[in-house]
Amino acid sequence: MTATTGSTAAAAGITAQGLRKAYGDKTVLDGVDLRVAPGTIFSLLGPNGAGKTTTVQILSTLIAHDGGTAEVAGHDLAAEPDAIRRAIGVTGQFAAVDGLLTAEENMLLIADLLHLDRAEGRRRTAELLERFELTEAARKPAASFSGGMRRKLDLAMTLVGRPRVIFLDEPTTGLDPRSRRTMWDLIRDLVAGGTTILLTTQYLEEADQLADRIAVLDGGRIVAEGTADELKRRIPGGHIRLRFNDVDSLHSAASRLALSTATRHDDELTLHVPSDGSVSAVRSVLDILESSAIHAEALTVHTPDLDDVFLALTGHGSGAAPTDAHGTPAATVYGSTAAHPTAADPTAVNATAVKEIRR
Ligand SMILES: Nc1ncnc2c1ncn2[C@@H]1O[C@H](COP(=O)(O)OP(=O)(O)OP(=O)(O)O)[C@@H](O)[C@H]1O
Ligand SMILES: [Mg+2]
C-alpha cells in the first residue's frame, strides 16, 4: 500500500535532464535540468526571453525538443506524449478563452473536448465557476470580462479535466494586486489538493510567496536553484541603514559602530552596518547610538530578497543595466557590496533592476 502510494506520488512530478532547443542557429534552451516533486509548486523565474515559455511548451508536448529527456506525470516525453497530455493541464501565457462564448460555454467546450459525460461536464463546470466566483458572470460573453476574470476562467478551464500536473505560464501577469492574490489562493488550494504545479513568472514576490522551490532561468540555462531562503542566503548584503541629519552625527556613529565593516556614504548621510536584521542586532545598534547621544533620523533594515538574487544572477549587461563608475554591471556591484565600502546603495540598485525586468 505504501509502495503504491509512493509510486503514484512519484509519477505525478516532473523531471527533465539536459533539455535543449534551438530555432535556427539561436539556442533557446541550453541543457535545462528540472526536478519538480509531486504535490509541490516549482517556479521558473527569468527575464523576458529566458526560455520559460519554451520550457513549458516542450514539457507540455506542444513543441518538440532537440535534445535531453523528460518525464511528466510518470510518462516519458518522447515515448508517451499522449499519456502526458491526458495527465496535464496548461494555462498559457496568453489566455485561451474564446471571447464570443460565455464563461459557461467555454467550460462546457473543454468538457466536450475531453469527452466528459454531459452531466459530469455540467456538474464540473458549475462547481468550478462557483469556486472561481464566476457564477454571476457565467452567462455573459467572455469578451466582456476584465483581464482578471479572463485569467480565472482560463485556469478554471484548465481544471475541468482534473489534471495532476499543471503548467501555469505567467498566470498573474497584468493582474491588479487583489486579483493576483485571489489567483495565488486558488493556486495554493490546488497544491494542497495534491496537484503538482510548474509556474513561470517574472514576479519575484510571486515565486517567493508560492514556490516550494525556484529555478532561475537566464539565457536558456538554469543559473540557480533552491528554496527562496536558500537563494537569498547565497547573496551577501544584509545591513541596517542609518540616515543622519548632519555629517558630524554620521562620523560619530561611524566611529562607534563596527568600525571595520560599516560603510559610510557621506553624500547621502547614511551608514550601512552589516547585520542579519534580527531584533537583537537592531537593538544593539540603537543602544550604542543612544549611549553616545547620537541622533539618527531614520533606520531601515535591508535583508537580501529575491530581487537581489535575481539581479545578482541575471543582471548582466542589457546596455540599460545599472553599472558602477567603472562600468561593472550592477550584479557584480551588489555581490561585492559588503566588501567594498564605496559600492552603490544596493537598495537603489534593486529598484532599478525590478523596473528592468518588469518592463
Ligand atoms: N517560434 C520561435 N521562433 C524563433 N525564436 C523563438 C520562437 N519562440 C521563441 N523564440 C525565442 O526563444 C527565446 C525564448 O523565448 P520564450 O518565449 O521561451 O521566453 P520567455 O522566458 O517565456 O520570455 P517572456 O518572459 O517574454 O514570456 C526568445 O529569444 C524568443 O525570441
Ligand atoms: Mg513567456
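Shown above is the structure to which this text applies.
Because the structure is a prediction, the values reported are computed rather than measured.

*Asks:* Tell me about the packing of helix H4 (residues 103–113) against helix H5 (residues 118–131), and please be specific about residues and values.
*Replies:* At a closest axis distance of 9 Å, the pairing of H4 and H5 adopts a crossing angle of 135°. When the axis of H4 is compared with that of H5, the two are oblique. When you trace H4 past H5, the crossing you get is right-handed. Side by side, H4 and H5 meet where Ala 103, Glu 104, Met 107, Leu 108, Ala 111 and Asp 112 of the first sit next to Gly 121, Arg 124, Thr 125, Leu 128 and Leu 129 of the second. Here the residues of the contact of H4 with H5 sort into six nonpolar, two polar and three charged.

*Asks:* Describe the site of ligand 1, naming the residues involved and giving the relevant values.
*Replies:* What surrounds ligand 1 is a group of twelve residues, the closest being Tyr 23, Asn 48, Lys 52, Thr 53 and Thr 54. Broken down by element, the shell around ligand 1 gets its largest block of residues, three residues, from helix H2 (residues 52–59). By residue class, the composition of the shell around ligand 1 is three nonpolar, eight polar and one charged.

*Asks:* For H2, give the residues involved together with the corresponding values.
*Replies:* The element H2 is largely enclosed, with a buried count of seven among its eight residues. Listed in full, the buried residues belonging to H2 are Lys 52, Thr 53, Thr 54, Thr 55, Val 56, Ile 58 and Leu 59. A positive phi of about 70° marks Thr 61, the residue just after H2.

*Asks:* Explain unusual backbone geometry to me, using residue names and the numbers behind them.
*Replies:* With a phi close to 60°, His 115 is a non-glycine residue in the positive phi region. Mapping His 115 onto the fold places it in the loop between H4 and H5. Classification of His 115 by C-beta neighbours within 10 Å gives exposed; the count is 8. Backbone geometry at Glu 133 places phi at a positive 55°, although glycine is not the residue there. Residue position: Glu 133 is located in the loop between H5 and helix H6 (147–159). Overall, Glu 133 belongs to the exposed group, with 12 C-beta atoms counted inside 10 Å.

What counts and how
- Residues numbered from 1 in each chain as written.
- Chains lettered and ligands numbered in written order.
- Predicted model: local features only at pLDDT ≥ 70, side-chain atom pairs only at ≥ 80, totals over all residues.
- Axes fitted to C-alpha atoms, helices over the stretch in contact; angles between N-to-C directions.
- Helix = DSSP H or I, 4+ residues; strand = E, 2+ residues; numbered from the N terminus.
- Parallel < 35°, antiparallel > 145°, perpendicular 65-115°, else oblique.
- Left-handed = near helix turned anticlockwise from the far one by under 90°.
- Contact = placed C-beta atoms within 7 Å.
- Nonpolar A, V, L, I, M, F, W, Y, C, P; charged D, E, K, R; others polar.
- Near = placed C-beta within 6 Å.
- Buried ≥ 20, exposed ≤ 12 C-beta atoms within 10 Å, placed from the backbone.

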